[in-house]
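Summary of structural features
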Amino acid sequence: MTANAAPSQPQHIAPALRWAIAAAIASLAGCAAPPPSATGTAAATTPDASATAARTPPPAGASVAGQARTFSTQLATYTSVSFDAVPGWSRDDFSESWPAFLGSCKVLTGRGAEWKDVCARALRVDGKSTNAIRGFFESEFSAYQIRDDDRRPDGVVTGYFEPEIAGARQYGAPFIYPVYGQPEDMLFADARKLPAGNGTVAARVEGRNVVVQTGLSTRDMGAPGLYVLDLSGIARDTLDRKVRLRVEGKQLLPYYTREEIETKGAPNAKVLAFVSSATALYEMQIQGSGRIKLASGEVIRVAYAEQNGQPFRPTLAQAANGKPRSPVKVRGSSIELQLDDGDDDDIGAAGAVDSGAIRTRGFTLARPAASGPVVVPGRRAAGAVAGSGIKDPSYVFFKEATSPVGGPVGAFGVPLSAGRSIAVDPRSTPLGYPVFVSTRTPGSGAPMQRLTIAQDTGGAIRGAVRADYFFGNGQQAATNARRMKERGQLWILLPRGLAVAQAATSSAIRTRGGPVGANLPQCLVPSEGSCVDD
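Residues numbered from 1 in each chain as written. Predicted model: local features only at pLDDT ≥ 70, side-chain atom pairs only at ≥ 80, totals over all residues. Heavy atoms only, no water.

The next point concerns the overall build of the chain. Scanning the chain from terminus to terminus reveals nine helices and 31 strands. Expressed as a percentage of its 534 residues, the buried residues of the chain come to 53%. Contacts spanning at least 24 positions in sequence make up 77% of the contacts within the chain whose residues lie at least 6 apart. For the chain, the accessible area works out to roughly 21300 Å², and carbon and sulfur atoms hold 51% of it. (Helix = DSSP H or I, 4+ residues; strand = E, 2+ residues; numbered from the N terminus. Buried < 20%, exposed > 50% of the residue type's maximum accessible area, 1.4 Å probe, protein only. Contact = heavy atoms within 4.5 Å. Areas by Shrake-Rupley, 256 points an atom, 1.4 Å probe, with all protein chains shown as cover.)

See below:
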């Protein structure tokens, strides 16, 4: 993942409030018409009656998810459709997505009895039979097309990969750019617990957490153990609702920007390695993981660890008409990639990007006009340090991955599967769930319709109808990922038997490190799909 991804600090939320999408459906289940029945394909491969009878009934006071025809949240509308209406459903090779789904099951089984039962039945399916797997999904799930908040079905599908760049364990030209681990001086505050407004409040530091103190007057600000937190400079709409802070004297300030890290250094962060290109390091930060190949042949595999809490604000390359090559929409501190039906004149037939631009995850970024050395902890700078010249204030910190094989571990905590794992916006698509994607193959334009599993997130992945294919590693994966920016549609598969308390008006999504508040509203009028805030 990338900028604004979730933190490593879990929060505790009631089990009945765990899944945003399921809670929204549950509020409708008692009054909405049931979804269309499964297709005939499922009839030949439906689990036997004993397996069906063994399913755990929903508890008292709960409704069964996957039975509402239409529902909406603040960000999206979900409409039930038959599997026959999903383009390419009958042609996909489901055996290719099966390992990724079973990987998600290792996490989902800990989310409640319903998922435990669904995943237990999955273990009895012939994983080599695409018909058996298709029948399993048709009997266990309902398909819902996702539309954005304007009810549009089309969104943007991009791609990402695991880059490999040359590096060294020790500083020495040309390897002069440090790859940082998570800083030890980074503190966290729960954005949902901060007072409204832009005033100044007192706070205490408890371990790595910042806790706002209430009922204190201004004369109490100087008391021992109290710090001043100015709310006017805080970005509250991070994906995980966490604010990253640091202590400076008696003040709590937003964590350092990219420019500050490059020109002042990060002495409280371990240096994992050094690389020769600030631009290559930046792309690896946007991709969210990577491999650093040493001269000895050893490979250091790094994965996302943390982010500095600053918004993702890349410098977009300009087209000849002066407009950005990658149209975007800015919402608060988030940036959303928009559809662009124009020609990508910066991408060649082999996926190469012109020397003045960087193509990554659907964005065409301008290379810095001037790039120089950065401050390295423990080393004296020879002169004035201007930094890399990259203006994006966001900055990603890494950790060494323990597994040298398989795909990188995504936000859901499981290794990603090339071609079958996608990154999504978890505000509208919960992690771990199956998502069918219909788009086009980069380059050829041939239909690209397949079942994927939502297993990752990213600061650049924003919007309801938004998917980012993980293409794997290697040159071909890099070429395909850089070329991938297509119009697409999404269908999420929701378990038919997932029960959630009807009383839940808000819920939680999960990203790195644990549950995070989604602040999703409860739907009240199923025929209109309208909602109110919880």
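Right, let's get into the pairing of strand 19 (residues 357-360). Burial of strand 19 is two-sided: the residues Ala357 and Arg359 facing one way and the residues Ile358 and Thr360 facing the other way are all buried. Direction of pairing for strand 19 relative to strand 20 (residues 363-366): antiparallel, over a ladder of four bridges. Each residue of the ladder has a partner; that of Arg359, found in strand 20, is Thr364. Between the antiparallel neighbours strand 19 and strand 20 lie two residues, among them Arg361 with a positive phi of about 50°. (Pairing = 2+ DSSP bridges.)

Our next topic: unusual backbone geometry. A cis amide bond links Ala173 with the next residue in sequence, Pro174, at an omega value of 5°. Within the secondary structure, Pro174 sits in the loop between strand 6 (164-168) and strand 7 (177-180). Unusually for a residue other than glycine, Arg151 sits at a positive phi of about 65°. Looking at where Arg151 falls in the secondary structure, it is placed in the loop between strand 4 (141-148) and strand 5 (155-162). Arg151 sits in the partly exposed class, given a relative accessible area of 43%. A positive phi angle, near 50°, is found at Arg361, a position not held by glycine. Examined against the element boundaries, Arg361 turns out to sit in the loop between strand 19 and strand 20. Arg361 sits in the buried class, given a relative accessible area of 1%.

Below, the discussion takes up the state of the cysteines. Tallied over the full model, the rule gives one disulfide. Disulfide pairing places Cys105 opposite Cys119 at an S-S distance of 2.1 Å. Between Cys105 and Cys119, the S-S torsion sits near -85°, and that sign places the bridge as left-handed. Taken together, the positions of Cys105 in helix 4 (residues 98-108) and Cys119 in helix 5 (residues 113-122) put the pair 14 residues apart, joining distant regions of the chain. Given the relative accessible area of 3%, Cys119 is considered buried. (Disulfide = S-S within 2.5 Å.)

Quick look at the nonpolar core now. Trp89, Phe101, Phe136 and Phe137 are the most contacted members of the largest nonpolar core, which has 56 residues in total. Core analysis: the next-biggest nonpolar cluster, separate from the first, contains 27 residues, Val179, Leu272, Leu281 and Val396 among them. (Core = buried A, V, L, I, M, F, W, Y, C linked by side-chain atoms within 4.5 Å.)

Glancing now at the packing of helix 4 against helix 5. One way to put it is that helix 4 packs onto helix 5 with a least axis distance of 10 Å and a crossing angle of 145°. Of the two possible hands of crossing, helix 4 and helix 5 adopt the one that is left-handed. The segment helix 4 lies against helix 5, with Trp98, Phe101, Leu102, Cys105 and Leu108 engaging Trp115, Cys119 and Ala122. (Axes fitted to C-alpha atoms, helices over the stretch in contact; angles between N-to-C directions. Left-handed = near helix turned anticlockwise from the far one by under 90°.)

Along the chain, the position of Leu75 falls in the loop between strand 2 (70-72) and strand 3 (76-81). You can call Leu75 partly exposed: its relative accessible area is 22%. Along the sequence, Leu75 and Arg147 sit 72 residues apart, while their C-alpha atoms lie 8.7 Å from each other. Dropping the residues within four chain positions of it, Leu75 is found in contact with Arg147, Asp148, Asp149, Arg427 and Ala464.

With that out of the way, let us pick up the packing of aromatic side chains. Under the criterion given, the structure shown has 25 aromatic pairs. Between Trp89 and Phe94 the ring centres are 4.8 Å apart and the planes differ by 65°, which places this aromatic pair in the edge-to-face class. The same class applies to Trp89 and to Phe94, which are both buried. Ring pairing ties together the aromatic residues Phe83, Trp89, Phe94, Trp98, Phe101, Trp115, Phe136, Phe137, Phe141, Tyr433 and Phe436, which thus form one cluster. Lying across the ring of Tyr227, Lys250 places its NZ or CZ 5.4 Å from the centre. It is Arg361 that lies over the ring of Tyr160; its NZ or CZ is 3.9 Å from the centre. (Phe/Tyr/Trp six-rings, centres within 6.5 Å; stacked < 30°, edge-to-face > 60°. Lys NZ or Arg CZ within 6 Å of the ring centre and 35° of its normal.)

Pairing between side chains of opposite charge can happen when their charged atoms approach one another. Taken as a whole, this structure holds 18 salt bridges when the rule is applied. With a shortest N-O distance of 2.9 Å, Arg169 and Glu400 are connected by a salt bridge. You can see Arg169 sitting in the loop between strand 6 and strand 7 and its partner Glu400 sitting in strand 21 (residues 396-400), a full 231 residues away along the chain. By relative accessible area, which is 33% here, Arg169 ends up partly exposed. Look at Glu400 and you get partly exposed, because its relative accessible area is 34%. (Salt bridge = Lys/Arg side-chain N within 4 Å of Asp/Glu carboxyl O.)

With that settled, the discussion passes to helix 9 (residues 475-483). All buried positions along helix 9 are accounted for by Ala477, Ala478, Thr479 and Ala481. Residues of helix 9 that are buried in the fold lie against strand 5 and strand 25 (466-473).

The subject of this paragraph is the sheet that holds strand 21. Taken in spatial order, the six strands of this open sheet run 7-14-6-15-16-21, and their pairing is mixed. The open sheet is flanked by strand 7 and strand 21, the only strands paired with a single partner. If you compare each strand with its neighbour and ignore which way they point, the axes differ by 45° on average. Where strand 15 (residues 289-293) lies against strand 16 (residues 299-307), five bridges are found, and the strand directions are antiparallel. Bridge assignment links Ile292 to a residue of strand 16, and that residue is Ile300. Sheet strands in contact with helix 8 (residues 278-287) are strand 6, strand 7, strand 14 (271-275), strand 15, strand 16 and strand 21, and its direction is about 145° off that of strand 15.

Here Glu262 lies in helix 7 (residues 258-264). For Glu262, the residues in contact, after removing those within four places along its chain, are Val374, Val375, Val385, Gly387, Ser388 and Gly389.

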